[in-house]
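Here is how the chains run, residue by residue.
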Amino acid sequence: MRIRLDPWPIDTLDGQLTLEPFKGLVFNVETDGWHAIAAQAIPARVRQICVVDGKPRMEARLLLEDETGTLSLAGFGAFVVGAVSLCPHGSRQAELREVKAQRVLAYSGDLKLEPTRLSPRNPHTGLLEYAPVTFAGAQLEGAKARVQRLMLDAEQQLSRDLASVMPLDETDQNVLPETLVLQDGPVRVGEAGRAVIGCVKTLHTDYLGADRIGLLGTLKPGERTPILRFTVGDRGDGSSSGREQRFTWYVRLSEPPFYQHPLAGVMRLEMHAPEDVDFVPRAVLDAANLSGTLLGRLASAPHKDARAPQNLIPTAALEQAMSRAMGSQELVTRRIRSHLAREIGAVA
Amino acid sequence: MTQNLKLSNPGSTQPPARIGMVLGTEDVTPTIFWFAVSAGASVQLDDLVVVETQRPDGKTVTFYGLVDNVRKRHEGVTFESDVEDVVAGVLPASVSYAARVLVTRVDPENFIPPQPGDVVRHARGHELDMALSADKMKEGAFPGGLLADGQPLPLNFRFVNGEQGGHINISGISGVATKTSYALFLLHSIFTSGVMDRVGLGSGQGGTSSGRAIIFNVKGEDLLFLDKPNNKVADKEAEASAAKGFAADRYTMLGLPRQPFRDTQFLAPPRSGASGDAIVPNTDQRSEGVTPFIFSLREFCARRMLEYVFSDSAGSLNLGYVIGNVEEKLFRLANAQTAPGTHLSVTDWRPDEQTEVPEGIDWGDVGDIQIKTFDHLISYLEYKLLEENDGAGDKKWVLNQAQGTLRAFTRRLRGVQKHLSPLIRGDLTPAQAEKYRPNLLRGAQLSVVDIHNLSGPAQMFVVGVLLREVFEHKERYGRQDTVFVVLDELNKYAPRDDSSPIKDVLLEIAERGRSLGIILIGAQQTASEVERRIVSNATIRVVGRLDLAEAERPEYRFLPQSFRGRAGILQPGTMLVSQPDVPNPVLINYPFPAWATRKDEVDDLNGRDAADVGDDWLR
């Protein structure tokens, strides 16, 4: 019996390493061999890397009561998406882009609601305005899920807007686009054709199988595995054919400390794949080749970030900026209460 | 020169641009607050700023203050090593540039805090006058130096001349603190800015009022050339103006003439020599225009100067008793003299009864002995106290004091004999005595008394005697015509722990001089070692470069912490000035002396080219 630590702290939602076997089919697309591939330098052509992330927050759970006395669930929520724009060659300072919070009143049913405006109590506290959005059904977590969905959509939209168009030819040299987007989590439906790389921090699904996963433990920092292709949602029973396809590869960002599992410090990256192609477009290959160098530079250090190295330095800064953009939860709660108090007429 | 000191810069009329906003992440108080400096603006220490805030009733309160701290830091990052990631372009961060303001004035006096977000601007023109309380000083303002941005700092003469306060105290390390230079600059400013006349008129005294200054030159012959132009001043000032980016030289900006002191006299002790030698001043670099000063022996007795001979040691009670008694005896003796001259004629001295017969005794015509030297005076005292009546002494002189005390007395006198003999002489004619008597209050506007060549006891004697004379004179004639006394090394003359007659005089000046019109411009290396009452009586306090350990002593608590830290790095020519009208000290620089401070700085050519002067000679 050997005991190793999961790298992530116990108070995060999940561990980093769950390694559920992927039930679908995974194809070799880059090479038939299974060996480490060294990182390459970032081409001068790539001028900008945008790290995109988003954050949702529920600010109050609400119960709405209509004229007939019927109760329905709702919630005040907020979400924010944003990006850090940086130069992969370090030629300028990194900057925050588009970090803006939005507030919604998520509710179920066919009620017609006006935007709720929480008037400021003094000129410095600003205006809080909750735009009404509906969600279907009456489930308990509906409001929260709606806010999450809105956040993901906004995140995806921002990634799309920021990323260059991705050429998917097989052979063209120098096709790597000018702006690459590193997006938190897997790439989404609808992002096809854009230079968006999904950064999956956790290894919850094992796409490799017992015979291949050993390579991950032996990767040196910056090295990657060959590129693979799989179909999203493939459960191995043929039920999901026709869904979108993904290229994926693994990169090691840093050496794991001896007390952690050997897979600590490894990150899985994803990009869109054109349907049923048996080649890797040149641009994807180039992106994979530079990924080790780029992520090695962006990887965080364990004494600064509990989810190091996968939680990248710009990502952590972005998370902090996003929390700030949403404002203090306590102050917002207080504002909501005083707003309701005035509505009801408990205070003048 | 009757108009007020002009501080305002008449060129710009529109209000200066915003340089920042009051911060909300630090406490904002009516006396101290931080502001975030706007992008592109530059704020440095000592900048004077102004903030306006609105009260809920719509009235405006204006805060004037002084920047005493500026800092930059990365905002939004947690770790110190993050700077590397920021510079590498990986971590987004912004630089926060903030400045702390010590409020010098709130107008009107509503001590509410400014609101975070209030706009901060540089104080200029009228606002600067308000920040430095120049509007309160009116005609009493005279320039005390230049602020960092080239505007003159007004000092209030009413707090100098004793009207509302008096005395100036300057602290700093020797050499780099330039204490004496600043004291002279202040005198120059007082004498030439016309402030004395303005205040005289303003106080309803009418006419002009004049002032005099007495400077004791305690080291080198630095101050013996104050009446000569300095040949380096033009270059130095051009250099300084260029370095600081001023449009004109600093004298022009201060509104002061660039000239040496005009109405001066220089006094120096005589060279020691045998009686009958020519009396010449004991100075090395300058002899022309320097008057030797000598006290006549008869005056020494008649004016009770004996106690200042013992200045350097705190005598025991008994010794003090002997000194007082002998002083009284000599006083009576001197008053009983009928013959003209400066000697002391005694009839009750039998030198042949002494174990050691003094040489060169001067027998008078009628069997008396004429005491003409300090040496003989001591011999006479030895005879009266220890030798007469087979060693019992003269009862009236001894007054039952123990032999030990009497011997201590004579031993001490012998100890200082060598030092005082050239200064106290009984062989002068009355005309000579008149000529060489130091005359500080009826002569020139500025008297320099050179005592640097004197030994310690003689310095104490001279300073003590002269200061007492000034004090007694002012006691008789009142406070008109202020007398400024510049004295360096107060820790020697008025040490905190010992007592001495000279310290008593200084204390009198510090505590009562204000109302008599005697203003002490005192300087010392360490205020912590000077009698507390002397330092605490100074209304205007100035600090040059200080030892950092010294700067933490309670005497310097009038400096806020940040200023105490900076006192350790002040350059020559830069001082921190604290005055009652402005609650915080202000950093100033002052111009290079227009007068020579060394012989090689003397501008013999009167500013002309050497070639021109040569041509004149050849013609």
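Points about the pattern of salt bridges
All names here are of chain B.
Here is step 1: If you walk through the whole model with that rule in mind, you get 50 salt bridges over all chains.
Here is step 2: In this structure, Glu288 engages Arg286 in a salt bridge whose closest nitrogen and oxygen atoms are separated by 3.7 Å.
Here is step 3: According to the relative accessible area criterion, Arg286 is buried, its value standing at 5%.
Here is step 4: One salt bridge connects Asp427 with Arg425, and the closest N-O pair in it is separated by 3.3 Å.

Comments concerning the state of the cysteines
Residue and element names in this part refer to chain A.
Here is step 1: In the structure shown here, the tally under the stated rule is 0 disulfides over all chains.
Here is step 2: Distance from the sulfur of Cys50, which forms no disulfide, to the nearest cysteine sulfur (Cys87) is 11 Å.
Here is step 3: Given the relative accessible area of 0%, Cys50 is considered buried.

Overview of the environment of Arg194 of chain A
All names here are of chain A.
Here is step 1: For Arg194, the location among the structural elements is in the loop between strand S8 (179-184) and strand S9 (196-200).
Here is step 2: As for Arg194 and Ala317, which are separated by 123 residues in sequence, their C-alpha atoms are 24 Å apart.
Here is step 3: With near-sequence residues (within four places) excluded, Arg194 lies in contact with Arg160, Ala163, Ser164, Val165 and Met166.
Here is step 4: From its side chain, Arg194 meets the backbone oxygen of Ala163 in a polar contact 3.1 Å long.

Some remarks on the interface of chain B and chain A
Interface size is often expressed as the accessible area that is lost when the parts come together.
Here is step 1: Contact with chain B, which involves 15 residues of that partner, is made by 18 residues of chain A.
Here is step 2: The contact between chain B and chain A buries some 1300 Å² in all, and 57% of this surface belongs to carbon and sulfur atoms.
Here is step 3: Linking chain B with chain A are 1 salt bridge, by the criterion used here.
Here is step 4: Taking the shortest distance from any N to any O, the salt bridge between Asp82 of chain B and Lys304 of chain A comes out at 2.8 Å.
Here is step 5: Remark: the boundary between chain B and chain A carries 2 residue pairs in polar contact (both at pLDDT 80 or more).
Here is step 6: Broken down by class, the residue content of the side of chain B that touches chain A amounts to 9 nonpolar, 4 polar and 2 charged.

Quick word on the nonpolar core
Here is step 1: In terms of nonpolar packing, the biggest core is built from 154 residues, with Tyr182, Leu187, Phe409 and Phe461 of chain B touching the most fellow members.
Here is step 2: Per element, the largest residue contribution to this core is 10 residues, and it comes from helix H15 (residues 456-477) of chain B.
Here is step 3: Setting aside chain neighbours within four positions, we find Tyr182 of chain B in contact with Gly144, Leu155, Ile170, Val542, Met575, Val577, Ile588 and Tyr590 of chain B.
Here is step 4: Among the nonpolar cores identified, the runner-up in size contains 51 residues, and Ala78, Ile197, Val284 and Leu294 of chain A belong to it.

Structural notes on a nonpolar patch on the surface
Here is step 1: A surface patch of nonpolar side chains, amounting to about 380 Å² of accessible area, comprises Leu5, Phe258 and Tyr259 of chain A.
Here is step 2: Within the element layout of this structure, Phe258 of chain A appears in the loop between strand S12 (245-252) and strand S13 (266-273).

Re the packing of aromatic side chains
Here is step 1: Per the counting criterion, the structure on display carries 18 aromatic pairs over all chains.
Here is step 2: Feature note: the residues Phe293, Phe295, Phe300, Phe374 and Phe461 of chain B constitute an aromatic cluster, connected by ring pairs.
Here is step 3: If you follow Arg212 of chain A out to its NZ or CZ, it ends over the ring of Trp34 of chain A, 4.5 Å from the centre.

A look at the pairing of strand S5 (residues 94-107) of chain B
Residues and elements named next belong to chain B.
Here is step 1: In terms of burial, S5 is largely enclosed, as 11 of its 14 residues are buried.
Here is step 2: In this sheet, S5 lies alongside strand S2 (residues 32-37) in antiparallel orientation, the contact comprising 5 bridges. Of the residues in S5, the one forming a bridge with Phe33 is Val101.
Here is step 3: Across 13 bridges, strand S4 (residues 60-75) lies against S5 in antiparallel orientation. Looking across to S5, one finds that Arg73 is bridged to Ser96.

Here's the deal with H15 of chain B
Here is step 1: Its 22 residues give H15 of chain B an end-to-end C-alpha distance of 32 Å, which sits within 8% of 32 Å, the value for a rise of 1.5 Å per residue.
Here is step 2: Among the 22 residues that make up H15 of chain B, 17 are buried, leaving the element largely enclosed by the rest of the structure.

Side note on the packing of H15 of chain B against helix H17 (residues 501-516) of chain B
All names here are of chain B.
Here is step 1: One can describe the packing of H15 onto H17 by two numbers: an axis separation of 10 Å at closest approach and a directional angle of 30 degrees. In terms of axis orientation, H15 runs roughly parallel to H17. When you trace H15 past H17, the crossing you get is left-handed. The residues of H17 that touch H15, namely those facing Met460, Val463, Gly464, Leu467, Arg468, Phe471, Lys474 and Glu475, are Ile502, Val505, Leu506, Glu508, Ile509, Arg512, Gly513 and Leu516.
Here is step 2: A breakdown of the residues in the contact of H15 with H17 according to their chemical character gives 9 nonpolar, 2 polar and 5 charged.

Focus on unusual backbone geometry
Here is step 1: That bond from Ala308 of chain A to Pro309 of chain A is cis: its omega, -5 degrees, falls within 30 degrees of zero.
Here is step 2: Here the residue pair Asp107 of chain B and Pro108 of chain B is connected by a cis peptide bond, since its omega of -10 degrees sits within 30 degrees of zero.
Here is step 3: A positive phi is found at Glu98 of chain A, a non-glycine position, where the angle reads about 60 degrees.
Here is step 4: By secondary structure assignment, the location of Glu98 of chain A is in strand S5 (residues 95-108).
Here is step 5: The partly exposed category is assigned to Glu98 of chain A, whose relative accessible area is 44%.
Here is step 6: With a phi close to 65 degrees, Asn400 of chain B is a non-glycine residue in the positive phi region.

Some remarks on the sheet that holds strand S15 (residues 362-363) of chain B
Strand-to-strand pairing in sheets goes through backbone hydrogen bonds, with the strands running parallel or antiparallel.
All names here are of chain B.
Here is step 1: Overall, antiparallel pairing links the 3 strands, which are arranged S14-S16-S15 in an open sheet. The open sheet has two edge strands with one neighbour each: strand S14 (344-346) and S15.
Here is step 2: Strand direction decides the pairing type here: S15 and strand S16 (residues 369-371), joined by 2 bridges, are antiparallel. Paired with Trp363 across the strands is Ile369, a residue of S16.

Considerations on the environment of Gly220 of chain B
Residue and element names in this part refer to chain B.
Here is step 1: Structurally, the position occupied by Gly220 is in the loop between strand S10 (212-217) and helix H6 (233-244).
Here is step 2: The class for Gly220 is partly exposed, based on a relative accessible area of 32%.
Here is step 3: Along the sequence, Gly220 and Ile451 sit 231 residues apart, while their C-alpha atoms lie 9.3 Å from each other.
Here is step 4: Not counting the four nearest positions on each side in its chain, Gly220 is found in contact with Asp450 and His452.

Quick notes on the packing of helix H10 (residues 317-335) of chain B against helix H13 (residues 403-420) of chain B
Residue and element names in this part refer to chain B.
Here is step 1: Packing of H10 against H13 brings their axes to within 9 Å, and their N-to-C directions diverge by 65 degrees. Taken as axis vectors, H10 and H13 run roughly perpendicular relative to one another. Along this stretch, H10 crosses H13, giving a crossing that reads as right-handed. On H13, the residues touching Asn318, Leu319, Val322, Ile323 and Val326 of H10 are Thr405, Leu406, Ala408, Phe409 and Arg412.
Here is step 2: Classifying every residue of the contact of H10 with H13 by side-chain character gives 7 nonpolar, 2 polar and 1 charged.

Rules behind the numbers
- Residues numbered from 1 in each chain as written.
- Chains lettered and ligands numbered in written order.
- Predicted model: local features only at pLDDT ≥ 70, side-chain atom pairs only at ≥ 80, totals over all residues.
- Heavy atoms only, no water.
- Salt bridge = Lys/Arg side-chain N within 4 Å of Asp/Glu carboxyl O.
- Buried < 20%, exposed > 50% of the residue type's maximum accessible area, 1.4 Å probe, protein only.
- Disulfide = S-S within 2.5 Å.
- Helix = DSSP H or I, 4+ residues; strand = E, 2+ residues; numbered from the N terminus.
- Contact = heavy atoms within 4.5 Å.
- Polar contact = N/O pair within 3.5 Å; in protein donor to acceptor, adjacent residues only side chain to side chain.
- Buried area = accessible area lost by both parts, 1.4 Å probe.
- Nonpolar A, V, L, I, M, F, W, Y, C, P; charged D, E, K, R; others polar.
- Core = buried A, V, L, I, M, F, W, Y, C linked by side-chain atoms within 4.5 Å.
- Patch = residues over 30% accessible without salt bridge, like charges linked within 9 Å, V, L, I, M, F, W, Y side chains within 5 Å.
- Areas by Shrake-Rupley, 256 points an atom, 1.4 Å probe, with all protein chains shown as cover.
- Phe/Tyr/Trp six-rings, centres within 6.5 Å; stacked < 30°, edge-to-face > 60°.
- Lys NZ or Arg CZ within 6 Å of the ring centre and 35° of its normal.
- Pairing = 2+ DSSP bridges.
- Expected span 1.5 Å × (residues − 1).
- Axes fitted to C-alpha atoms, helices over the stretch in contact; angles between N-to-C directions.
- Parallel < 35°, antiparallel > 145°, perpendicular 65-115°, else oblique.
- Left-handed = near helix turned anticlockwise from the far one by under 90°.

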